[in-house]
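# Summary of the model geometry
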Amino acid sequence: MEMLVARAGFLTSVQDPGRTGFRQFGVSLGGALDAFALRVANLLVGNEESAAGLEITLGGLQLRFADERIVAWSGGEFEVRVGLTSVPAGHTALINAGEELKFNHPKTGCRCWLAISGGIDVPTVLGSRSTDLRASFGGFEGRALRDGDKLPLGNFRRSQTAAIGRISSWSAPEPWSQTASANPILQVVRGPDWARFNASTLQRFTSESFAISPDSDRMGVRFDGPTLQRSDDVDLTSEAVAPGTIQVPPSGKPILLLGDCQTIGGYPKIAHVITVDLSVAAQLRAGDQVRFSEVSLTDAHRLLLQRERELERFRIGLSLHDS
């Protein structure tokens, strides 16, 4: 069966948790900028966590379904409706054949992730169904969705629909399903080039606010605000970078790398956003103000392990609910 894209919105693409194992060949991780949000949405609708869904940027999306499906979404503060019924974040909703699901523009944040029972059944390229928008491969024809596209959907257990009703009364934890914040703070660990910046620069980095530049995309977030200048002017050898790395180019305006970032870079790496806060980073949009807070690597590991343990309990709870 398939799903019609009645309106594609500002920027909508097919994404899964990402394309791993090919960074040595220069292939970006890509995937959902908040892979955790997509994993949660997939669990809610009964999919494997790695199933492909949609990443929706700034809303405007309208989908029409050819058959009965279960959907769930998480991310920014969007208004989502099926007909006249509101679909809250983190809840599952039953969509009947011929009905439309609509995403309005977000009040806070800029992205959300939609999972559909059965997943989006596009071909796997290099082990992933994610769309690489820069290299134009994967996903649906290697591009963002357009009005009139028809996406193939996988099969799912129709017995699931009996337990849901129109909108589920139960939901995922709110911090997982509503990740946008009016006053975001990104927790960071020190990068390998932290010591290349003097004490006053580092104090500005961790105490002052930075504004999100309009010149930001899935590759990275550019910041306006305090200028960060190095203490030396030694040329650096290009080294591996990853989503979460914060580089400082000669302009002194830092760049936070996201999922579609390159695999190596030569700018000094002042810090790295911890994994659990990449969900917050994925919601940053032009004009937002953000601050950075330093944490230890031990704390970064602890927070990630804590979230994974909580997710395992959530999986168990869902399995008991479905049994």
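Residues numbered from 1 in each chain as written. Predicted model: local features only at pLDDT ≥ 70, side-chain atom pairs only at ≥ 80, totals over all residues. Heavy atoms only, no water.

### Let's talk about the overall build of the protein
- Helix and strand counts for the protein come out as 5 helices and 20 strands.
- A compact globule built from 323 residues should have a C-alpha radius of gyration of about 20 Å, and the protein, at 20 Å, falls within 12% of that.
- By its C-alpha atoms, the protein is 65 × 35 × 35 Å across when sized along the principal axes.
- Out of the 323 residues in the protein, the part that is buried amounts to 51%.
- When contacts within the protein are restricted to residue pairs at least 6 apart in sequence, long-range pairs at least 24 apart make up 77% of them.
- As displayed, the protein offers around 14,100 Å² of accessible surface, 51% of which is attributable to carbon and sulfur atoms.
- One way to put it: in the protein the 33 positive side-chain charges average out to a point 1 Å from where the 36 negative ones average out. (Helix = DSSP H or I, 4+ residues; strand = E, 2+ residues; numbered from the N terminus. Rg over C-alpha atoms; globule rule 2.2 N^0.38 Å. Buried < 20%, exposed > 50% of the residue type's maximum accessible area, 1.4 Å probe, protein only. Contact = heavy atoms within 4.5 Å. Areas by Shrake-Rupley, 256 points an atom, 1.4 Å probe, with all protein chains shown as cover. Lys, Arg positive; Asp, Glu negative; His and termini not counted. Charge placed at Lys NZ, Arg CZ, Asp CG, Glu CD.)

### Concerning the packing of aromatic side chains
- With the rule as written, the count across this model stands at 10 aromatic pairs.
- Pairing W73 with F78 gives two aromatic rings, centres 6.2 Å apart and planes at 80 degrees, and the pair type is edge-to-face.
- The exposure class assigned to F78 is buried, which follows from its relative accessible area of 8%.
- Considering the side-chain rings of W194 and F205, the 6.4 Å spacing of their centres and the 75 degrees angle between planes classify their relative orientation as edge-to-face. Of this pair, W194 sits in the loop between β12 (185–190) and α3 (199–207) while F205 sits in helix α3, placing them 11 residues apart in sequence.
- Accessibility expressed as a relative area gives 0% for F205, which makes it buried.
- Aromatic ring contacts, followed pair by pair, group W194, F205, F210, F223 and F292 into a single cluster. (Phe/Tyr/Trp six-rings, centres within 6.5 Å; stacked < 30°, edge-to-face > 60°.)

These values are about where atoms sit, not about what they do.
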